[in-house]
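# Understanding the architecture of this molecule
Chain by chain, the residues run as shown.
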Amino acid sequence: MCEAPLFLSAMQRLRNIMFVGTGSDVGKSVIAAAFCRIFRQDGYRPAPFKAQNMSLNSYATPDGLEIGRAQAVQAEAAGIACHTDMNPVLLKPQSDHTSQVVLNGRPSGNQSAGSYFRREGREELRRLVCEAYDRLAARYNPIVMEGAGSISELNLRDVDIVNMPMALHADAAVILVADIDRGGVFASVYGSIMLLPEEERRHVRGIIINKFRGDLKLFDRGRSILEELCHVPVLGVVPYFTDIHIEEEDSMSLSTKEMQAQQGRVNVAVVLLRHMSNFTDFDVLERDPRIHLFYTSNPSDIDLADIVILPGSKSTIDDLYHLRRNGVAEAVIKARRRGAVVLGICGGYQMMGREVCDPDHVEGDVERMPGLGLLPVTTTMSGEKQTRQVSALCAKLGAQELKGYEIHMGATTPLETPSPLLQLSDGRHDGFWVDRRCMGTYVHGILDNQPFIDYLLQPYAGKLQQQQAFDYAAYKQQQYDLLADHVRRYVDIPAVYRILAE
C-alpha cells in the first residue's frame, strides 16, 4: 500500500471529488475507478457514487439489489462491498424510447424518455438520490462521484439530478474529463465550462485530458491555452492505453471485438444479441490465455466455434425472434449436433428451452416464441425481478463452491426429470444440464469461477497441454493497481490532494 502524501494526514477528512465529462464515453468511469484505488492505496476509505446510471450491464449487491456495473467495479477498486447507495437510480434501456427504472435497487416500472425527464415528480427523485449520497458520505470519505454524459446539456438542466446539482449538494470539487481522441477538445472543454452558471463554474477545479495518443510534449502549448481560456488548471493528460483491462460500463465497444476463430486455442463464440446484457460475464474469457473469444451474429462464425455461449438479454423474446430470422438459431443448433459445447446464461438459458411464454406481456405483444429446443425446459415471463448474489455447488465439479449473481425476470420449469446444473446454498436448484456439452443457468458471473471454466474446457484438453489456468480475481486486482499507477504517472496527484484539503 502506498503512503498518504506528506502534506496530508491519512486521518484528515477530504472534500469529495466529482468527475464530470464533456460528453458520454470520455472515460469518467475509468478515471473514477483509478481514484478509488489511489485513495485506498493512500490510506483513505473511498466509495463511488453516481446518482443516475444508464446501462444494461448491472450487478447484484450483497443484499440482493441491483446497481450499475460501473459502480460495482469502482467499489471493487476501492476495496469495499457495493451498495445501492452508490447508484440509487439505474435506467435499463428496453428500446430506443423506453427504459426500466430501478430505484434503490428495485424495479419501479418502465418509462419513456419523455415521461422520465418530465418536471413533475423530479424533486422526489432528487430527494431520493441526495439521501443515498448522504448515507454514503456518512460512512466513507472521500466520495468519488461520477457525472453522466455532458455537464452542459442546456435542455435538461432543470431536470438534471446527476451532474452539477449533485456536485452542489455534495460541495464536491469537480474535475472535467475530456476525450482528446475524438477531436474538438478545446471547444468541448471551453464550451462545457462557459455554459455553466457562475455558481456551478466555481466548483470546477481541474481538467483532465483523457485518451491522448502520441508525444505528450506536443500538447504542452495546448495545456497552457486551456488554462488561459478557462482559468482552470489542467491537472493531467492521460495517455490512451490498451494494456490495462478494466470492466467496461457499456457494450458500445463489443462491435470492435467481433473476430473470427483462431488456431491453437479454444475458440469461444458469444452470440451478439440486439439487447445483450451483462456482457462483463465474458471479460474473464477475453483474458484467459487458453481461449480465443469472439462476439458474433454471423452463422458462419459459429460454425468455427468450439464453445458457443448465449448471453443474457434485456428482451429475450425479441432477441430469440431475430436469432431465428438471421440464421444464428439454426447455427447454434448445428453446433450442438456437431459436438460443440453450448452454454446459455440467463436470457440465453431461457432461449435454449422449448419455448418462452409471455402471457402478461411483460416484454411486449408476443405471447409465445419457440425456443431452440436444446434444453427440456419452458420459461414464463413475469413482472417480478429476481436479484440476488448466490453461492452454489455443481455436482459435476465435486464440492467446489461457485459464486455469482442472479438478475432476471421469468421462471423456468423443467419438462422432464429435473437435471439441475447447480445446487444453490439456499436449497434451490438452478439451470439444466443435459450433458457436459449442453447446459444453461441463470447465474451471471459463473465464468468468474475458474473450476467452471476448466470444466467447460476439459473436452478440448488436447489443445491446452501447454497452457496454465487463469486466476481472474488476482488479475483484476493487478489491473486496478496498474490503472492507479498509470493515472499517478500522468495526473498531478499532489495538486488533487491540495484541492481536496481546502
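The paragraphs below set out a description of the structure included in this document. (Residues numbered from 1 in each chain as written. Predicted model: local features only at pLDDT ≥ 70, side-chain atom pairs only at ≥ 80, totals over all residues. Heavy atoms only, no water.)

## Structural notes on the overall build of the protein chain
Along the backbone of the protein chain there are 16 helices and 26 strands. Evaluated residue by residue, the protein chain yields a buried proportion of 57% over its 502 residues. In the protein chain, 74% of the contacts between residues at least 6 apart in sequence involve partners at least 24 apart. When the accessible surface of the protein chain is summed, it comes to about 20400 Å², and 49% of that surface belongs to carbon and sulfur atoms. (Helix = DSSP H or I, 4+ residues; strand = E, 2+ residues; numbered from the N terminus. Buried < 20%, exposed > 50% of the residue type's maximum accessible area, 1.4 Å probe, protein only. Contact = heavy atoms within 4.5 Å. Areas by Shrake-Rupley, 256 points an atom, 1.4 Å probe, with all protein chains shown as cover.)

## With respect to the nonpolar core
Judged by nonpolar contacts, the single largest core of 87 residues is most densely connected at F19, F35, V189 and I209. Other than its neighbours up to four places away in sequence, F35 contacts F19, V144, I208, V487, V491, I493 and V496. Within the second largest apolar cluster, 72 residues are counted, among which are Y349, V390, M439 and L456. (Core = buried A, V, L, I, M, F, W, Y, C linked by side-chain atoms within 4.5 Å.)

## Remarks on the packing of helix α1 (residues 28–41) against helix α15 (residues 472–490)
Following both chains from N to C, one finds α1 and α15 inclined at 95 degrees, their axes separated by 8 Å at the closest point. Between α1 and α15, the angle is such that the two are roughly perpendicular. Across from V30, I31, A33, A34, F35, R37, I38, R40 and Q41 in α1, the residues of α15 making contact are Q477, Y480, D481, L483, A484, V487 and R488. (Axes fitted to C-alpha atoms, helices over the stretch in contact; angles between N-to-C directions. Parallel < 35°, antiparallel > 145°, perpendicular 65-115°, else oblique.)

## Observations regarding the pairing of strand β1 (residues 17–21)
With 5 of 5 residues buried, β1 lies mostly within the body of the structure. Across the two faces of β1 the burial is the same, with I17, F19 and G21 and M18 and V20 all buried. Pairing analysis gives 5 bridges linking β1 to strand β10 (residues 173–179), with the strands arranged parallel. Across the sheet, M18 pairs through a bridge with V174, a residue of β10. (Pairing = 2+ DSSP bridges.)

## Here's the deal with the packing of aromatic side chains
What describes a pair of aromatic rings is the distance from one ring centre to the other and the angle between the planes of the rings. Tallied over the entire structure, the rule returns 12 aromatic pairs. Relative to Y497, the ring of F39 has its centre 5.8 Å away and its plane inclined at 75 degrees; by these criteria the two rings are edge-to-face. With F39 in helix α1 and Y497 in helix α16 (residues 493–501), the pair connects residues that are 458 residues apart, well separated along the chain. We note that F39, like Y497, is buried. Where F49 meets Y133, the ring centres are 5.7 Å apart and the plane angle is 75 degrees; that geometry is what we call edge-to-face. Of this pair, F49 sits in strand β2 (residues 47–49) while Y133 is found in helix α4 (residues 122–137), placing the two residues 84 residues apart along the sequence. (Phe/Tyr/Trp six-rings, centres within 6.5 Å; stacked < 30°, edge-to-face > 60°.)

## Regarding unusual backbone geometry
A cis amide bond links N141 to the next residue, P142, at an omega of -5 degrees. Tracing the backbone shows P142 in the loop between α4 and β9 (143–146). Located in the positive-phi region is D25, a residue other than glycine, with phi close to 60 degrees. Examined against the element boundaries, D25 turns out to sit in the loop between β1 and α1. One non-glycine residue with positive phi stands out, namely N278, at about 50 degrees. Structurally, N278 is set in the loop between β14 (276–277) and α9 (283–287). Given the relative accessible area of 2%, N278 is considered buried.

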